[in-house]
Every structure is written in structure tokens, then in C-alpha cells.
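# Chains, contacts and geometry: an overview
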Amino acid sequence: MIRNGHGTTDSSKNLGPGTKRTVRVWCDGCYDMVHYGHSNQLRQARAMGDYLVVGVHNDEEIAKHKGPPVFTQEERYKMVQAIKWVDEIVAGAPYVTALETLDKYNCDFCVHGNDITLTVDGRDTYEEVKKAGRYRECKRTQGVSTTDLVGRMLLMTKAHHSSRELPSEYQEYTDSFGKCPRSHSPWTGVSQFLQTSQKIIQFASGKEPEPGDTIIYVAGAFDLFHIGHVSFLEKVYQLAERPYIIAGLHFDQEVNHYKGKNYPIMNVHERTLSVLACRYVAEVVIGAPYAVTANLLDHFKEPKRRGIFRQIDSGNDLTTDLIVQRIIKNRLEYEARNQKKEARELAVLEAIKKREAMPEGAAVQVEGPCEA
């Protein structure tokens, strides 16, 4: 469900004796270049209640506080709606989270990661709800950030295909990418992703196909899982009354063989989580072959020979290549945005440290942020 941020809603219920009240949870954000870190935050938030409402900021709000986003607001709305833990989205949600917004959408509290989000003037966007006790925190996903993904696109190395120690040129670049010269913020940076079986279990549906389900197999790289992939999977999902979609993901070496350069931008473990987070996908085959063989389809069938192959037009022309082109075109603007964001975070960190170190009631002077 998509609701406009200027609309009104009333989901209050007349609860009888013994009826459990629905706990409604609020999350909000830019959700630009949606990745499995965003999905994991929403998964954790949904587990804290019964119904998850996600507010997505519009382009104007993001440009004002952070700089222009990579994806349009319509693309971002659809991406968030496709995440399987999201029950409803609010398009054009305000950048600063207010009690008025939580009350308007009947949400008990809001959830955010254990990092900090600041306005253009350095104010904590969750200050009001924190003071009111209607704020919960979830763990930030280590090993993924928009900064890191952008760095991979610009560097054109293949370091991210391996779990080994990153080469010096990649480490040097990611350590300094868009950074404030004086110091580094713990919230704007790069750390290496390590896959675990627990992460896959958390993202997997755990559902087996049931009698009457139509099992549909799709395969590809699904790199930088984006709105083009979502549009395609949505169309596939509509092919049957009870679809059970299995997505085959090619190994990194296979993708690099047919795509070249430094593709895939995300390694196979990262792509697995991104695809599993999509509401249209029931199961993933990790390391699926490029050619769909008879052996593979003994689980699923040799498609064209058996007359069960269909080609679907997603209706969306966005590709991973086009995303990379957007990033390269706006590289300097993005780096400047990152530096200003981190500078504001560092100013807040410094203020927190001084406040903790000084006697109660003492004045704290905050040094202005460094400029790009």
C-alpha cells in the first residue's frame, strides 16, 4: 500500500476483550540506492511490531538536507514497497520525524539504525521522538553502505568479488572517499561484508512450494538489485494465481565473464540477500548456471524444449550499467555531499564527547564542520 504523505489515515480498531492490539511501527529514510542493509533495518523493525509503515522522503527534501539523490522519488517508493517486510509506505514523508507524524499514521514508535541522521543545520532528525520515548534502535548492518557501493562503481576494481584482504588501492580510496579531511565518522564509511548462514536464514522465507503453486524459475546476475529487477519480478509474479518464484543467481566469475569490467558490483553473497528481501521471490539458487540445463530443471525442467519458457518485458529500461553512469556523471557532487554529511556527524560526535567529559551544567562549544 502506498499512501501520500499529505493524506490522512485512521486505522484505530474497536478491540473487544482479550483482543491483542496491533503494534504499528514507523521507519523513514531516503532509501536511495536501496541495498540489503536497508532491508535488514526494515526486517528488524517489522519484528518489533505487527505492521510496518515506511516513510520515504521526496527528492526535494533529500536535496535540501543531503544533496540530490541517485534515484528519483518514484523509483525509491517502488523499491521500498517491494521489500517483503514493508506493509505500507508513505510517499513524501517529512525529513524530520515528529510526534505528529507518528500520531497521524497511528504508529506506536519509530525505529532507526544505531547511526545518526542530521538535518542540513546539524540537528538530530529523531530528537523529538527520542525525548518522548517513542524511539527504538536496531543494529546497523556491517559491511554495506551506499558509500562503499559508489566507490566500487568508480574504482572499477574487482576487490569486492573476494573475501580476502582488500588491495591497497581499494582500501586507500574507500578510506578517503568523500571524507572530511580532519577525521572519520563511524557512520559514514566502509567495512567489509562477511556472509553468514544466520543472515541467509533471517532473510529466507522458509516456505516450501505447496500443491497448487506454480513454480517459476528466473535467473540472472541481479546486480545492484534495482527497480528494473523489481518490475520484472512483479510481472513474473502476475503470471500465476499462486506463484512460487525461484531466482537463480550466477556466480561472480560467470557474471564477470559475460559482463566484463568490474561486474558484478555486488558479490554473490550480497546479491543473495538483496533478492531474498524482495516480496516476489520465494527461494534463491546460489551459483545457478548461465545455461538452464536438464539437470538443473530436473529440479525445475529444460524450458524451451518443454514449452515452458516465457520472455517477460519488465516495462522498465533501468539497468546496472545506467546506474553506474548516473554515479559517474555526478561523482564530484556525490563526494561533496558525503563530506558535508560526515562533517556534521563529526561535529555532533565532538559535542557528545565534550558533554560527557564536562561537569553537569557546563557550557559546550561545538566546532563548526569542515567544508569540502
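Residues numbered from 1 in each chain as written. Predicted model: local features only at pLDDT ≥ 70, side-chain atom pairs only at ≥ 80, totals over all residues. Heavy atoms only, no water.

For clarity, the threshold we go by: UniProt positions are given in the numbering used here, feature names are shortened, and annotations may be inferred rather than shown by experiment.
As annotated in an unreviewed UniProt entry, the protein is ethanolamine-phosphate cytidylyltransferase from Vombatus ursinus. Quoted verbatim from the Sequence similarities (unreviewed entry) heading of the UniProt record, the comment on the protein is "Belongs to the cytidylyltransferase family."

### What to know about the environment of Ser39
Our working definition: Numbering of helices and strands runs from the N terminus, with a helix taken as a DSSP run of H or I at least four residues long and a strand as a DSSP run of E at least two residues long. Here's how the labels work: a residue is buried when its accessible area is under 20% of the maximum for its type, exposed when over 50%, partly exposed in between, all with a 1.4 Å probe on protein chains only. Throughout, a contact is declared for two residues whenever any of their heavy atoms are within 4.5 Å.
Inspection of the secondary structure assignment puts Ser39 in helix H1 (residues 36-47). With a relative accessible area of 4%, Ser39 lands in the buried category. Counting along the chain gives 47 residues from Ser39 to Val86, while the straight-line C-alpha distance between them is 9.2 Å. Once residues within four sequence positions are removed from consideration, Ser39 is found in contact with Ile83, Trp85, Phe203 and Ala277.

### Some thoughts on unusual backbone geometry
With omega at 0°, the peptide bond leading from Tyr263 into Pro264 counts as cis. Structurally, the position occupied by Pro264 is in the loop between helix H10 (252-259) and helix H11 (268-276). You will see that Phe222, though not glycine, has its phi angle at about 50°, which is positive. By the element assignment, Phe222 lies in the loop between strand S7 (214-220) and helix H9 (227-237). Classification of Phe222 as buried rests on a relative accessible area of 6%. A positive phi angle, near 50°, is found at Lys261, a position not held by glycine. Looking at the secondary structure, you find Lys261 in the loop between H10 and H11.

### Notes on the side chain of Asn267
Inclusion rule: Whenever a nitrogen or oxygen atom comes within 3.5 Å of another N or O atom, the pair is scored as a polar contact, on the condition that within protein one atom can donate a hydrogen and the other can accept it, and that pairs from neighbouring residues in sequence are kept only if both atoms are in side chains.
Mapped onto the secondary structure, Asn267 falls in the loop between H10 and H11. Of the residues examined, Asn267 reaches a relative accessible area of 8% and is grouped as buried. At 3.0 Å, the side chain of Asn267 and the backbone nitrogen of His269 are in polar contact.

### A closer look at the packing of aromatic side chains
Our working definition: The criterion for an aromatic pair is that two Phe, Tyr or Trp rings (for Trp, the six-membered ring) have centres within 6.5 Å, with stacked assigned to planes under 30 degrees apart, edge-to-face to planes over 60 apart and tilted to the rest. Counting as a charge over the ring demands two things of the Lys NZ or Arg CZ atom: a distance within 6 Å of the ring centre and an angle within 35 degrees of the ring normal.
Enumeration over the complete set of coordinates arrives at six aromatic pairs. The interplanar angle of 80° and the centroid separation of 5.2 Å between the aromatic rings of Trp85 and Phe203 together place this pair among those described as edge-to-face. Residue Trp85 is located in the loop between helix H3 (73-81) and strand S4 (88-91), and its partner Phe203 is located in helix H8 (residues 197-203); the two are separated by 118 residues in the primary sequence. When its relative accessible area of 13% is taken as the criterion, Trp85 is described as buried. Between the aromatic rings of Tyr237 and Tyr280, the centroid separation amounts to 5.3 Å while the plane-to-plane angle is 55°, which identifies the pairing as tilted. Residue Tyr237 is found in helix H9, and its partner Tyr280 is found in the loop between H11 and strand S9 (283-286); the two are separated by 43 residues along the sequence. Its relative accessible area of 15% is what places Tyr280 among the buried residues. The ring of Phe109 has Arg136 lying over it, and the distance from NZ or CZ to the ring centre is 4.5 Å. When the ring centre of Tyr263 is taken as origin, the NZ or CZ atom of Lys259, which lies over that ring, is 4.6 Å away.

### With respect to H1
Selection criterion: Working rule for helices: expected span equals 1.5 Å times residues minus one.
Across its 12 residues, H1 extends 16 Å between first and last C-alpha, which sits within 8% of the 16 Å expected from 1.5 Å per residue. Of all 12 residues in H1, 10 are buried, a share of seventy percent or more. Burial in H1 covers these residues: Tyr36, Gly37, His38, Ser39, Asn40, Gln41, Leu42, Arg43, Gln44 and Ala45.

### Some remarks on the pattern of salt bridges
Applicable threshold: Salt-bridge detection follows one rule: a side-chain nitrogen of Lys or Arg within 4 Å of a carboxyl oxygen of Asp or Glu.
This structure, assessed with the given rule, holds 16 salt bridges. The closest approach of N and O atoms between Arg326 and Glu75, which form a salt bridge, is 3.1 Å. In this pair, Arg326 sits in helix H13 (residues 320-329) while Glu75 sits in helix H3, placing the two residues 251 residues apart along the sequence. Judged by its relative accessible area of 25%, Arg326 is partly exposed. With its nearest N and O atoms 3.5 Å apart, the salt bridge here joins Glu127 to Arg123. Salt bridges here are not isolated pairs; linked through shared partners, they connect Arg123, Glu127 and Lys131.

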